[in-house]
Amino acid sequence: MTDLTRLSAADLAAKLASREVSSVEATQAHLDRIAAVDGDVHAFLHVSEHALQAAADIDRRRAAGEELGPVAGVPLAIKDVLVTTDMPSTSGSRILEGYMSPYDATVVARSRAAGLVPLGKTNMDEFAMGSSTEHSAYGPTHNPWDLDRIPGGSGGGSAAAVAAFEAPLALGSDTGGSIRQPAHVTGTVGIKPTYGGVSRYGAIALASSLDQVGPVTRSVLDGGLLHDVIAGHDPHDSTSLDEAWPSFAAAAREGARGEVLKGLKVGVITELPDSGFQPGVSASFRASLDAMAAQGAEIVEISAPHFEYGVAAYYLILPAEASSNLAKFDSVRFGMRVNVPGGTVEDVMAATRDAGFGDEVKRRIILGTYALSAGYYDAYYGSAQKVRTLIQRDFTEAFEKVDVIATPTAPTTAFRLGEKIDDPLQMYLNDVTTIPANLAGVPGISIPSGLSADDGLPVGIQFLAPVREDARLYRVGAALEALLEDSWGGPLLDRAPKLGEVR
Ligand code: GLN
């Protein structure tokens, strides 16, 4: 029998629809895989006790002849930033240990309604602050390609779960790159939708003007299938767009035929310094551009002079918003409370926040409250907002000349666990190419572009499109994916070491 964990979500869905396979069998196969490898990978913070029951329910409904959606019965991993009623939601933080939400995040509710089977909650940097998952209060996740390396962050758990074949689909969140950068270092696909395209209701807020929920998968088509489930207006999210989205799965299928590359104008940013990029990452990026050019794409140099200020602006705007969002963890309303005998309410709050938050969270709260304080507001937060506008203008001007912008998704391949943990600035510089999309609200996708010649580790290429043009990313991403997989003789992940044999 085929190993059900190796199938794409699209292929598994087809077998479920034809009743060749039941959802209980597919779910059990993934639970077995989790039991076998997650001791090494640590992608999951919690494995659902209800998965088989949810799967059995889908099987029963299918047997009764009920019309089910295209991905009904397919298992799904959920980043722990998304609240769920039937599993704890911690956002990777001690302060929310064991916290049970009274409601499901909209994306979770929509996933359940589509018949997806929640397998568990995935590990992440605390409150989604980080690029390596090392800031999780529950210990790091390990990269399935090399267990001594980081799986990216903050959504390293979702990316590693998908890369290690523990789940065919996962949900992530991307505030500055936390879906795309983990995809880059694990050889998977990650999509940050247009800001407002997917509901943030029930996504524990990091920086509300930057946060977006999106798909983490092994193929562009699978990303489209999941995006189709979660997209669309949500009255519970005041920034949700009231937009009739096209089918992203259909866009991926159309793109895989390849014609989209003929005459496609691909913008490459002149100001991106070659120097900050690992040679193997730059080489893989150029090879992907060459492959697209050979199919008739036109590579166009564009100028985005303010991109280089993105990281600086982001690390003011994000801490400012985060310090405000995290004020609700006050020992009264949510989660942990540290008792201080004879102490005041303030003493209890301070002791709880001291014990409940990790170093990176404290660092950003201090930075954020400072940037927002009277006398500094204009100099820091105000200036950062101006840079944000300039970056938005760079995008507007660029998209007058090109259809998509391409960059390497991140400057290096997966670094070693422990390598950057004591150097926050080095960690922040990881986000140089992903952050501008969040500042401008535009959609982005990262797909595997190959293995780096320097270390044999996965590299991703990122495409960015204008606001609301998410479908374009699926067309272009699927076209390049088909081209590259042809040249590799199959998906990149087929070349990942077999887990259990790596050490
Ligand atoms: N690495 C970025 C940060 O630390 C990205 C975070 C995210 O997208 N959630 O803020």
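Residues numbered from 1 in each chain as written. Predicted model: local features only at pLDDT ≥ 70, side-chain atom pairs only at ≥ 80, totals over all residues. Heavy atoms only, no water.

With that settled, the discussion passes to the overall build of the protein. Assigned secondary structure in the protein consists of 16 helices and 11 strands. Relative to a compact globule of 503 residues, whose C-alpha radius of gyration would be 23 Å, the protein shows 21 Å and is just as compact. Projected onto the principal axes, the alpha-carbon positions of the protein cover approximately 65 × 55 × 50 Å. The buried share among the 503 residues of the protein stands at 60%. Counting contacts in the protein only where the partners sit at least 6 residues apart, residues at least 24 apart contribute 76% of the total. Surface summary for the protein: the accessible area is close to 18100 Å², and the carbon and sulfur share equals 53%. Mean positive and mean negative side-chain charge positions of the protein (41 and 63 charges, respectively) differ by 2 Å. (Helix = DSSP H or I, 4+ residues; strand = E, 2+ residues; numbered from the N terminus. Rg over C-alpha atoms; globule rule 2.2 N^0.38 Å. Buried < 20%, exposed > 50% of the residue type's maximum accessible area, 1.4 Å probe, protein only. Contact = heavy atoms within 4.5 Å. Areas by Shrake-Rupley, 256 points an atom, 1.4 Å probe, with all protein chains shown as cover. Lys, Arg positive; Asp, Glu negative; His and termini not counted. Charge placed at Lys NZ, Arg CZ, Asp CG, Glu CD.)

With that out of the way, let us pick up the environment of Gly 157. When you line up the elements, Gly 157 lands in helix α5 (residues 156-163). Leave out the neighbours within four places in its chain, and Gly 157 touches Ala 43, Thr 122, Asn 123, Thr 133 and Thr 141.

For the rest of this paragraph, the subject is the site of the ligand. In the vicinity of the ligand there are 16 residues, among which Thr 175, Gly 176, Ser 178, Tyr 314 and Arg 364 approach most closely. A distance of 3.2 Å separates an oxygen atom of the ligand from a polar atom in the backbone of Gly 177. Between Asp 431 and the ligand, the recorded distance is 2.9 Å, taken from a side-chain N or O atom to a nitrogen atom. Bound to the protein, the ligand loses 100% of the 290 Å² it would expose on its own. Among the elements that take part in the shell around the ligand, helix α10 (residues 310-325) stands out by supplying 3 residues, more than any other. Classifying every residue of the shell around the ligand by side-chain character gives 6 nonpolar, 7 polar and 3 charged. (Near = heavy atom within 4 Å. Polar contact = N/O pair within 3.5 Å; in protein donor to acceptor, adjacent residues only side chain to side chain. Nonpolar A, V, L, I, M, F, W, Y, C, P; charged D, E, K, R; others polar.)

Turning to the sheet that holds strand β8 (residues 298-302), a few remarks are in order. The mixed open sheet is built from 11 strands, whose spatial order is β1-β3-β2-β4-β6-β5-β10-β11-β9-β7-β8. Both edges of this open sheet fall to β1 (44-47) and β8, since each of them pairs with a single strand only. Neighbour-to-neighbour, the strand axes of this sheet turn through a mean angle of 30°, independent of strand direction. For strand β5 (residues 189-192) and strand β6 (residues 212-217), the ladder comprises 2 bridges, and the chain directions are antiparallel. Looking across to β6, one finds that Val 189 is bridged to Thr 217. Contacts from helix α16 (residues 470-488) reach β5, β6, β9 (404-408), β10 (444-451) and β11 (458-464) within the one sheet, and its direction differs from that of β10 by about 10°. (Pairing = 2+ DSSP bridges. Axes fitted to C-alpha atoms, helices over the stretch in contact; angles between N-to-C directions.)

Moving on: the nonpolar core. If you look at the biggest cluster of nonpolar residues, it comprises 83 residues, and the most contacted ones within it are Val 74, Leu 82, Val 107, Phe 127, Phe 395 and Ile 405. Not counting chain neighbours up to four residues away, the residues in contact with Ile 405 comprise Gly 267, Ile 269, Ile 302, Phe 395, Ala 398, Phe 399, Gln 462, Phe 463 and Leu 464. One finds Ile 191, Trp 245, Ala 406 and Val 476 within the second-largest nonpolar core, a separate group that totals 32 residues. (Core = buried A, V, L, I, M, F, W, Y, C linked by side-chain atoms within 4.5 Å.)

Scanning all chains against the criterion turns up 15 aromatic pairs. Positioned above the aromatic ring of Phe 415, the side-chain terminus of Lys 420 is 4.4 Å from the ring centre. (Phe/Tyr/Trp six-rings, centres within 6.5 Å; stacked < 30°, edge-to-face > 60°. Lys NZ or Arg CZ within 6 Å of the ring centre and 35° of its normal.)

The subject of this paragraph is the side chain of Ser 323. Relative to the helices and strands, Ser 323 is located in helix α10. Judged by relative accessible area, which is 7%, Ser 323 ranks as buried. Dropping the residues within four chain positions of it, Ser 323 is found in contact with Ile 365, Gly 368, Thr 369 and Leu 372.

Our next topic: the pattern of salt bridges. Under the counting rule described, the total for this entry stands at 17 salt bridges. In this structure, Arg 112 and Asp 86 form a salt bridge, with 2.9 Å as the shortest nitrogen-oxygen distance. Here the residue Arg 112 occupies a position in helix α4 (residues 106-113), and Asp 86 occupies one in the loop between β2 (75-79) and α4, the gap between them amounting to 26 residues. For Arg 112, a relative accessible area of 26% puts it in the partly exposed group. Between Glu 469 and Arg 472 there is a salt bridge, with its nearest N and O atoms 3.6 Å apart. (Salt bridge = Lys/Arg side-chain N within 4 Å of Asp/Glu carboxyl O.)

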